[in-house]
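Structural description and commentary
So the chains spell out like this:
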Amino acid sequence: ARLQASPDRARSLATFYPAGVTSRLSCIQLRVSSSQDDNLANAERLVRQAAGLGAEIAVLPERWDVFGPSAELREGAQVLDGDRLGVVQGWARELGMAIVAGSVAERIAGDDRLRNTSVAFDRDGRRAGVYRKIHQFDVDIEGQRVRESDTDAPGTAGVIAKLAGLEVGLSICYDLRFPELYRAYAIAGATVVTVPAAFLERTGRDHWEVLLRARAIENQCFVVAANQHGALPAGFTAYGRSLIADPWGTVLAQAADGERVIVADCDHEALARVRAHLPALAHRRPAAYVVSSA
């Protein structure tokens, strides 16, 4: 569903969840290789591990299936109905677990530019949401030049998917630096946001946890961020440290180095309490957010 902003929706969530309702959410931390078959097999093994730990929603990282220079991304890109996402859809249906399939390189018929696309499947295998990364990672960091726009076109809107009974806002990696998107999700009723990522080590050690906890605190929602780790085929090093934070900004689970599956039980009664006792979302004054010259 596209975002339909409603301040009343944000207020009403304080009484939406009954006492004792929790959801077990999971992040899968992996390192993509140059073999698409190996990546698919590795992701399946970790997804099944998350299901074995009782996860109701599992989140894969950004570009978990294909990663590399533009030529490799173009070669490995698929349409939304392609084989790899079809396999993930089958895992969701078989395991009875919602899966946010990180992000993949999406090919669109008649368009020579790709999309960096996050597809969410509910626990019955239904495609519940398709989000295309809005903010493109065009940066120069310590001699490394990255131009995501050379290969991809940007998405144009946020998307909320209903997964395992929850309203889940979808985002991807660099989106994390743009708080407007996450605020729009909170106003529209999202109580969980997902952040599949390949966040780099250089910026990650200073910014990753800080930004994730900030998005959780300011929007009073759960943040589920699955990151890649280690040396990637494109010559970059990903930071790892996949993380799940609650609406108070408390880190409920964080991955150590290497390949990991983390889970956390997210207490929706606690979310309701935070929004009721510190109703910052209800205290917004959008009409006053106008900057005038001195």
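Okay, so let's go over this structure. (Residues numbered from 1 in each chain as written. Predicted model: local features only at pLDDT ≥ 70, side-chain atom pairs only at ≥ 80, totals over all residues. Heavy atoms only, no water.)

1. Some thoughts on the packing of helix 2 (residues 36-52) against helix 4 (residues 83-95)
Following both chains from N to C, one finds helix 2 and helix 4 inclined at 15 degrees, their axes separated by 11 Å at the closest point. Judged on the interaxial angle alone, helix 4 and helix 2 are roughly parallel. Here the hand of the crossing between helix 2 and helix 4 comes out right-handed. On the side of helix 2, the interface is formed by Q36, L40, A43, E44, V47, R48 and A51, while helix 4 contributes R84, V87, W91, E94 and L95. Taken together, the residues of the contact of helix 2 with helix 4 sort by class into seven nonpolar, one polar and four charged. (Axes fitted to C-alpha atoms, helices over the stretch in contact; angles between N-to-C directions. Helix = DSSP H or I, 4+ residues; strand = E, 2+ residues; numbered from the N terminus. Parallel < 35°, antiparallel > 145°, perpendicular 65-115°, else oblique. Left-handed = near helix turned anticlockwise from the far one by under 90°. Contact = heavy atoms within 4.5 Å. Nonpolar A, V, L, I, M, F, W, Y, C, P; charged D, E, K, R; others polar.)

2. Quick word on the pattern of salt bridges
All chains considered together, the criterion is met by 22 salt bridges. Among the ionic pairs, R205 bridges to E201, the shortest N-O distance being 2.8 Å. In this pair, R205 and E201 both sit in helix 6 (residues 201-219), four residues apart, roughly one turn of the helix. The salt bridge involving R215 is made with E218; its shortest N-O contact spans 2.4 Å. Pair noted here: R215 and E218 are both in helix 6, with a separation of three residues, about one helical turn. (Salt bridge = Lys/Arg side-chain N within 4 Å of Asp/Glu carboxyl O.)

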